[in-house]
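Descriptive analysis of the structure
One-letter residues, chain by chain:
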Amino acid sequence: MVAPMVHPVLKNGVGAFIPQCRRLVFHYCERSGSSRGMIEYLKKDLIQFAKEHPHVEVIVTPRPSKHPVIRGLYLNGKDKVVCVRNMEPTDIAGKVALLKESSGNRMKVFKKPVISTTESVRGIWSPFHTTPHKI
């Protein structure tokens, strides 16, 4: 008799990595000076970015009389918005990479270095708990 196969429970990063960024939306104004770097980035670098990352949907929409904005939408349903007003194309590329690599969750502040569901069984170690040393 053959034993049934046991399938492991996959978590993100173990077995298969699932990119969290689903879509990047680029909003810009065609006439304003604050969108100059964004327009240059869209003309030169965005096509290469889209070819390198086919899992990310790229949408470019004009938004008249507004500052340029990049919006990242994620698998968990959340989104992040970054204003790229008066930025150079290299700075915009850094913001695009930040949005692409982000998970969409807010930053968490950890009060303890280790997070656990149970407290330590042994308690806090101290050198006074050991047997005394003979010199």
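Now for a description of the structure that goes with this document. Quick caveat: nothing in here was measured; it's all calculated off a predicted structure.

Relative to the 18 Å expected for 13 residues at 1.5 Å per residue, helix 3 (residues 89–101) spans 18 Å between its end C-alpha atoms, a close match to the ideal helical length. Among all positions in helix 3, only Pro89, Ile92, Val96 and Leu99 are buried. With its buried residues spanning 75° around the axis, helix 3 presents them on a single face. For helix 3, the exposed residues set more than 90 degrees away from the buried face come down to Thr90, Leu98 and Glu101. The inward-facing, buried residues of helix 3 abut strand 1 (21–28), helix 1 (36–44), helix 2 (46–52), strand 3 (69–74) and strand 4 (79–83).

This part is about the pattern of salt bridges. One pass over the full model with this rule turns up four salt bridges. Where glutamate 40 meets lysine 44, a salt bridge forms, and the shortest distance between an N and an O atom there is 3.8 Å. Of the two residues, glutamate 40 and lysine 44 both sit in helix 1, four residues apart, roughly one turn of that helix.

Here the focus is the pairing of strand 1. For strand 1, the tally of buried residues reaches six of eight residues, placing the bulk of the element in the interior. Taken together, the six bridges between strand 1 and strand 3 define a ladder with antiparallel strand orientation. Counterpart to histidine 27 in the pairing with strand 3 is valine 69. Looking at chain direction, strand 1 and strand 2 (residues 57–62) are connected through six bridges and run parallel. Its bridge partner lying in strand 2, phenylalanine 26 is registered against valine 60.

So, on to the sheet that holds strand 4. With mixed pairing, four strands are arranged side by side in an open sheet as 2-1-3-4. Every other strand in the sheet has two partners, leaving strand 2 and strand 4 as the edge strands with one partner each. Across the sheet, the axes of successive neighbouring strands diverge by a mean angle of 15°, strand direction being ignored. When strand 3 meets strand 4, the two strands line up antiparallel, connected through five bridges. Considered in strand 4, the bridge of glycine 72 is made with lysine 80. The strands touched by helix 1 are strand 1, strand 2 and strand 3; relative to strand 1, the strand with the most contacts, the crossing angle is about 125°.

Turning our attention to the side chain of histidine 27. Position of histidine 27 relative to the elements: it lies in strand 1. The class of histidine 27 is buried, set by a relative accessible area of 16%. One polar contact links histidine 27 to threonine 61, side chain to side chain, over a distance of 2.7 Å. Other than its neighbours up to four places away in sequence, histidine 27 contacts Met38, Thr61, Arg63, Pro68 and Val69.

Looking now at unusual backbone geometry. Although it is not a glycine, serine 65 sits at a positive phi angle of roughly 60°. Relative to the elements of secondary structure, serine 65 occurs in the loop between strand 2 and strand 3. In this structure serine 65 comes out as exposed when scored by relative accessible area, which is 62%. Not every positive phi belongs to a glycine, and asparagine 86 is a case in point at roughly 60°. You can see asparagine 86 is positioned in the loop between strand 4 and helix 3. The class of asparagine 86 is exposed, set by a relative accessible area of 56%.

Reading guide: rules and limits
For every chain, the first residue of the written sequence is number 1, and numbering continues from 1 onward in sequence order. The model is predicted, so local features are restricted to residues of pLDDT at least 70 and side-chain atom pairs to those at 80 or more, both for listing and for counting; the totals for chains, interfaces and linings are taken over all residues. As a rule here, side-chain values come from all non-hydrogen atoms in the structure, and water together with hydrogens is ignored. Secondary structure elements follow DSSP: runs of H or I of four or more residues count as helices, runs of E of two or more count as strands, with numbering from the N terminus. To estimate the expected span of a helix, count its residues, drop one, and scale the result by 1.5 Å. In this scheme, a residue with accessible area under 20% of its type's maximum is buried, one over 50% is exposed, and one in between is partly exposed, where area comes from a 1.4 Å probe on protein chains only. When we speak of the arc, we mean the arc of directions from the helix axis to the C-beta atoms. Residue contacts are defined here by distance: any two heavy atoms, one from each residue, within 4.5 Å place the two residues in contact. Whenever Lys or Arg places a side-chain nitrogen within 4 Å of a carboxyl oxygen from Asp or Glu, that contact is recorded as a salt bridge. Between any two strands, pairing holds if DSSP finds at least two bridges. A fitted line through C-alpha atoms represents every axis, and for helices the fit uses only the stretch in contact; the resulting angles, taken between N-to-C directions, go from 0 to 180 degrees. Counting of polar contacts relies on pairs of N or O atoms within 3.5 Å, with two restrictions inside protein: one atom must be capable of donating a hydrogen and the other of accepting it, and residues adjacent in sequence are counted only when both atoms are side-chain atoms.

Fair warning: the whole summary comes from geometry, so function is off the table for now.
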